[in-house]
Amino acid sequence: QKALGEEVLNSLTPAQQVIQIVNEELTALMGGEQSRIRMASKPPTVLLLCGLQGSGKTTHAGKLALMFRKQNRRPLLAACDVYRPAAIRQLQVVGEQAGVPVFEMGQGDPVKIAKAALRHAQDYGNDPLIIDTAGRLHIDEKLMDELKRIRAAVEPEEVLLVVDAMTGQDAVNVASAFNDALGIDGVILTKLDGDTRGGAALSVRAVTGKPIQLVGMGEKLDDIEPFYPDRMASRILGMGDMLTLIEKAQSQADEKKAAELARKVRKNSMDLDDFLDQMRQVKKMGSLRSLVDMLP
């Protein structure tokens, strides 16, 4: 409808005009603008992570914690997945890598552990408190009932659903089931560095009406990014994502070294050591494939 009613701009071909309209509509479908995690006015902010087993909850609890630590906050991880073998140990390992403490009470009652973790965070000035809960291979009443009890006990500022983007349209069923039963506040999409173009991102937002707040873009603990609907739309359309690429370069590149290298190139005195240094700087930005994907 929009395309039929639009007058073609002088600078664009009709095909470009259609792509521009599709781009705008996709952006609006995914929420229009970036959504941030709400922080409580009175700390600690409690963030409750939920999702199916294997969606990447525990890893993304660590990624979230590291992200907050980089913002000079003092996050605390709470281990409330008491069923999966080695889940607590996994969270401890992730916590160590992120340099963030982990609160655990072994294989006890998850509701009591969550309450005790909240008291600990209040006593020791930790903010936010990130609660890693149990998942199942499917959605069942027992899982939902436990999550509801934890939610009632700690009154989280945000309930964040962790969804695996690689499951495609099945991610939509998971998101709508969790939203209907529990009432989620936002979504973390994981494994978005795979072959998926982000169909799950479109559908999850459309079905739940809840914003996608963060996306996991790789295996490493710092491979987590805010979700920008406009950037995702241009990725889906194969238009690249130059802004994220530029931000990655700015966060990883050493400006002094870059200026020095530019000077050497102009003087024709660049050597193999400089070349190796460049290779290392590019490597820090992630896999070459993910960088190429951001190019239009």
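Just above, that's the structure.
Treat the numbers as computed from the prediction; the structure is a model and nothing was measured.

Novice: When you look at the side chain of Arg231 in this model, what are you seeing that I'm missing?
Specialist: By the element assignment, Arg231 lies in helix α9 (residues 229–236). Arg231 gets classed as buried once you look at its relative accessible area, which sits at 10%. Sequence-distant contacts of Arg231, that is, excluding residues within four places in its chain, are made with Gly240, Asp241, Leu243, Thr244 and Glu247.

Novice: For this particular structure, what's the right way to read the nonpolar core?
Specialist: Side chains that are nonpolar tend, in soluble globular proteins, to be buried together. Core analysis: the biggest nonpolar cluster contains 49 residues, and Met30, Leu129, Ile131, Phe178 and Leu189 have the highest contact counts within it. Here the element with the most residues in this core is helix α5 (residues 110–124); it accounts for seven residues. Counting 23 residues, the second largest nonpolar core, distinct from the first, contains Ala61, Ala65, Met67 and Ile88.

Novice: How should I be thinking about the packing of aromatic side chains in this particular structure?
Specialist: For any pair of aromatic rings, the description consists of the separation of the ring centres together with the inter-plane angle of the planes. Within the structure shown, the criterion is met by zero aromatic pairs. The ring of Tyr83 carries Lys142 above its face, with NZ or CZ at 5.6 Å from the centroid. For the cation-ring pair, Arg231 lies above Tyr228, with the distance from its terminal atom to the ring centre recorded as 3.8 Å.

Novice: Help me out: how do you make sense of the packing of helix α6 (residues 141–154) against helix α7 (residues 170–181) in this one?
Specialist: For any two helices packed against each other, the geometry comes down to the angle between their axes and how far apart the axes lie. Packing of α6 against α7 brings their axes to within 10 Å, and their N-to-C directions diverge by 50°. In terms of their interaxial angle, α6 and α7 are classed as oblique. Helix-helix and strand crossings are classified by hand; for α6 and α7 the assignment is right-handed. When α6 is examined against α7, the residues Leu143, Met144, Leu147 and Lys148 are found in contact with a partner set consisting of Ala177, Phe178 and Ala181. Taken together, the residues of the contact of α6 with α7 sort by class into six nonpolar, no polar and one charged.

Novice: Would you mind showing me how to read the layout of surface pockets here?
Specialist: The gaps of empty space that remain are located by a probe, the size of a water molecule, rolled over the atoms. The volume enclosed by the largest pocket comes to roughly 710 Å³. Forming the boundary of the largest pocket are 29 residues, of which Asp222, Ile224, Glu225, Pro226 and Lys248 lie nearest the centre. Residue composition of the lining of the largest pocket, grouped by class: 12 nonpolar, five polar and 12 charged.

Novice: Would you take a moment to explain the pattern of salt bridges for this structure?
Specialist: Under the criterion given, the structure shown has 11 salt bridges. With its nearest N and O atoms 3.8 Å apart, the salt bridge here joins Arg38 to Glu157. Note that Arg38 is positioned in the loop between α2 (14–29) and β1 (46–50) and Glu157 in the loop between α6 and β5 (158–164), a separation of 119 residues in sequence. You can call Arg38 partly exposed: its relative accessible area is 42%. Among the ionic pairs, Glu260 bridges to Arg263, the shortest N-O distance being 2.6 Å. Residue Glu260 and its partner Arg263 are both found in helix α11 (residues 255–267); the two are separated by three residues, about one turn of the helix. Classification of Glu260 by relative accessible area gives partly exposed; the value is 32%. A single network of salt bridges, built from pairs that share partners, joins Arg38, Glu157 and Glu158.

Cut-off values and rules
- Residue positions are given per chain, counting from 1 as you read along its sequence in written order.
- Since the coordinates come from a predicted model, pLDDT governs what is reported: local features require at least 70, and pairs of side-chain atoms require 80 or more to be given and counted, while whole-chain, interface and lining totals use all residues.
- Side-chain figures throughout are based on the complete set of non-hydrogen atoms in the structure, without hydrogens or water.
- Every helix listed is a DSSP run of H or I at least four residues long, and every strand listed is a run of E at least two residues long, numbered separately from the N terminus.
- Relative accessible area decides the class of each residue, using a 1.4 Å probe on protein chains only: under 20% of the type maximum gives buried, over 50% gives exposed, and in between gives partly exposed.
- Every residue pair with non-hydrogen atoms within 4.5 Å of one another is taken to be in contact.
- Here the nonpolar core consists of buried residues drawn from Ala, Val, Leu, Ile, Met, Phe, Trp, Tyr and Cys, with membership extended through side-chain atoms lying within 4.5 Å.
- Stacked, tilted and edge-to-face are the three classes applied to pairs of Phe, Tyr and Trp rings, where Trp contributes its six-membered ring and a pair requires centres within 6.5 Å; stacked means planes under 30 degrees apart, edge-to-face means over 60, and tilted covers the rest.
- Think of it as a cone above the ring: NZ of Lys or CZ of Arg counts as a charge over the ring if it is within 6 Å of the ring centre and within 35 degrees of the ring normal.
- Each axis is a line fitted through C-alpha atoms, taken for helices only over the stretch in contact, and angles between the N-to-C directions span 0 to 180 degrees.
- Every angle not falling under 35 degrees, over 145, or within 65 to 115 is termed oblique; those three ranges are roughly parallel, roughly antiparallel and roughly perpendicular.
- Two helices crossing with the near one rotated counterclockwise from the far one by less than a right angle form a left-handed crossing, whereas a clockwise rotation gives a right-handed crossing.
- Each residue is assigned to one class: nonpolar for Ala, Val, Leu, Ile, Met, Phe, Trp, Tyr, Cys and Pro, charged for Asp, Glu, Lys and Arg, and polar for all the others, Gly among them.
- Lining residues are defined by having an atom within 4 Å of a point belonging to a cavity or pocket. Those points lie on a 1 Å grid over the protein atoms alone, cavities being sets where a 1.4 Å probe fits but cannot get out and pockets being open sets with protein on both sides within 12 Å along at least five of seven lines.
- Grid points are joined across faces, edges and corners, and a volume is the space filled by probe spheres set on the points.
- The rule for a salt bridge is simple: a side-chain nitrogen of Lys or Arg has to be within 4 Å of a carboxyl oxygen of Asp or Glu.

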